[in-house]
Amino acid sequence: MILVCFVLLLTVVSYLRYWRGRGMEDFYSSKPMLFSHRGVTNDYPENTLEAYKESEKRGFTGIELDIISSKDGVLYCSHNHQLEQETDSSGYIHQMISTKLDKIKTGIFSHPNNQKNIPRIENVFNNMSDNIRLNIEIKFSGLFDFSTISALKTFLKKNKVRQKILISSFNPLIVFYSRWLIPHVKTGFLFENMNMLKWMNFCHPDCIHPRADFLKKELVSICKKKNVFINTWTVNSESSIDFCKKLRVSGIITDISNAINE
């Protein structure tokens, strides 16, 4: 019994301390790579196919987008569960079926004269170029809400995706789920509180996504030792982008539509 407990303790300590990221060198098209945050939103609503395609036209090879699963397991691109925040409809995406969601337009407040459909993730994969990298953030309604990551797992099992993708989330349990149950896809752990950094020893992400003001040489050093890459958000000034470049982060998530040319 003592031997079993010792082996178990050793396993837990090894898991939490002696781990390294799997490496992401082949994910990036450039260093640092700029990710268009929810697409270019000057002319189109955020998280729409049109906004993503505009990003590609402007030279972005990386796009950050958000997904939520409908009640019947269809994945839609949206930052908010609540439809009132982006559309003229009401209710919650995860409580509605896809046939209703397909008819809803988004952008009622940001682009009232140019509203667009809430895109299914499959339409994004089918309409974006092969060389586009997609940083897919998994939204959740509660700590143990695995509906969206589970639906994505099913989708990826049934469909061949041409683009390189990265699964990210603020929820360490979802990152853990992705790391071990979708092992062929790299994972990113988002956080906006430095106290959350310790959770990376539990979920073992391949990269971390800290808020830009958390970037410090100490954090960069920790990640280098763990072979964990850094994609930082949301960097919206030229000086901030230059600062991130000096720290040699791998990815920069930005709202600046012409950041590629700056």
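Use the structure listed above.
Keep in mind that this is a model prediction, so the values were computed, not measured. (Residues numbered from 1 in each chain as written. Predicted model: local features only at pLDDT ≥ 70, side-chain atom pairs only at ≥ 80, totals over all residues. Heavy atoms only, no water.)

### What about unusual backbone geometry?
For step 1, the next point in the chain: Cis geometry marks the peptide bond from K31 to P32, where omega comes out at -10°.
For step 2, the next point in the chain: Its place among the elements puts P32 in the loop between α1 (2-17) and β1 (33-37).
For step 3, the next point in the chain: With phi around 60°, R248 is a residue other than glycine that occupies positive phi space.
For step 4, the next point in the chain: When its relative accessible area of 75% is taken as the criterion, R248 is described as exposed. (Helix = DSSP H or I, 4+ residues; strand = E, 2+ residues; numbered from the N terminus. Buried < 20%, exposed > 50% of the residue type's maximum accessible area, 1.4 Å probe, protein only.)

### Topic: the nonpolar core
For step 1, the next point in the chain: Among the nonpolar cores identified, the biggest contains 26 residues, and L65, I67 and L134 are the most heavily contacted of them.
For step 2, the next point in the chain: Secondary structure elements with two or more residues in this core: α2 (49-57), β2 (62-69), β3 (75-77), α4 (121-127), β6 (133-138), α5 (147-158), β7 (164-169) and α6 (172-181).
For step 3, the next point in the chain: Examining the composition of this core, we find that five residues originate from one element, α5, more than from any other.
For step 4, the next point in the chain: Sequence-distant contacts of L65, that is, excluding residues within four places in its chain, are made with N47, Y52, C77, I121, V124, L134, N135, I136 and E137.
For step 5, the next point in the chain: Residues W19, L215, L247 and I256 belong to the second largest nonpolar core, which totals 25 residues. (Core = buried A, V, L, I, M, F, W, Y, C linked by side-chain atoms within 4.5 Å. Contact = heavy atoms within 4.5 Å.)

### Some words on the pattern of salt bridges
For step 1, the next point in the chain: Applying the stated criterion across every chain, the model contains nine salt bridges.
For step 2, the next point in the chain: Its salt-bridge partner being R38, residue D66 comes within 3.6 Å of it at the nearest N-O pair. Of this pair, D66 sits in strand β2 while R38 sits in the loop between β1 and α2, and the two are 28 residues apart along the sequence. Each member of the pair, D66 as well as R38, is classed as buried. (Salt bridge = Lys/Arg side-chain N within 4 Å of Asp/Glu carboxyl O.)

### Focus: α6
For step 1, the next point in the chain: For α6, the buried fraction is high: seven of the 10 residues fall into the buried class.
For step 2, the next point in the chain: If you check which residues of α6 are buried, you get P172, L173, I174, V175, Y177, S178 and R179.
For step 3, the next point in the chain: If you check the start of α6, you find a side-chain oxygen 2.9 Å away from the backbone N of L173, and it comes from N171. (Polar contact = N/O pair within 3.5 Å; in protein donor to acceptor, adjacent residues only side chain to side chain.)

### Quick look at a nonpolar patch on the surface
For step 1, the next point in the chain: Taken together, the side chains of L3, F6, V7 and L10 define a hydrophobic patch exposed on the protein surface, amounting to about 410 Å² of accessible area.
For step 2, the next point in the chain: With respect to the helices and strands, the residue L3 is situated in helix α1.
For step 3, the next point in the chain: Look at L3 and you get exposed, because its relative accessible area is 61%. (Patch = residues over 30% accessible without salt bridge, like charges linked within 9 Å, V, L, I, M, F, W, Y side chains within 5 Å. Areas by Shrake-Rupley, 256 points an atom, 1.4 Å probe, with all protein chains shown as cover.)

### A look at the packing of aromatic side chains
For step 1, the next point in the chain: Considering all chains together, one arrives at 11 aromatic pairs under this definition.
For step 2, the next point in the chain: Relative to W233, the ring of F170 has its centre 5.8 Å away and its plane inclined at 85°; by these criteria the two rings are edge-to-face. Residue F170 is found in the loop between β7 and α6, and its partner W233 is found in the loop between β10 (229-232) and α9 (238-246); the two are separated by 63 residues along the sequence.
For step 3, the next point in the chain: Looking at W233, the relative accessible area reads 16%, which means it is buried.
For step 4, the next point in the chain: Taken together, F27, Y28, F35 and F229 form an aromatic cluster joined through their ring pairs.
For step 5, the next point in the chain: In this structure, R17 is placed above the aromatic ring of Y18, and the distance from its NZ or CZ to the ring centre is 5.8 Å.
For step 6, the next point in the chain: In this structure, R179 is placed above the aromatic ring of W180, and the distance from its NZ or CZ to the ring centre is 4.3 Å. (Phe/Tyr/Trp six-rings, centres within 6.5 Å; stacked < 30°, edge-to-face > 60°. Lys NZ or Arg CZ within 6 Å of the ring centre and 35° of its normal.)

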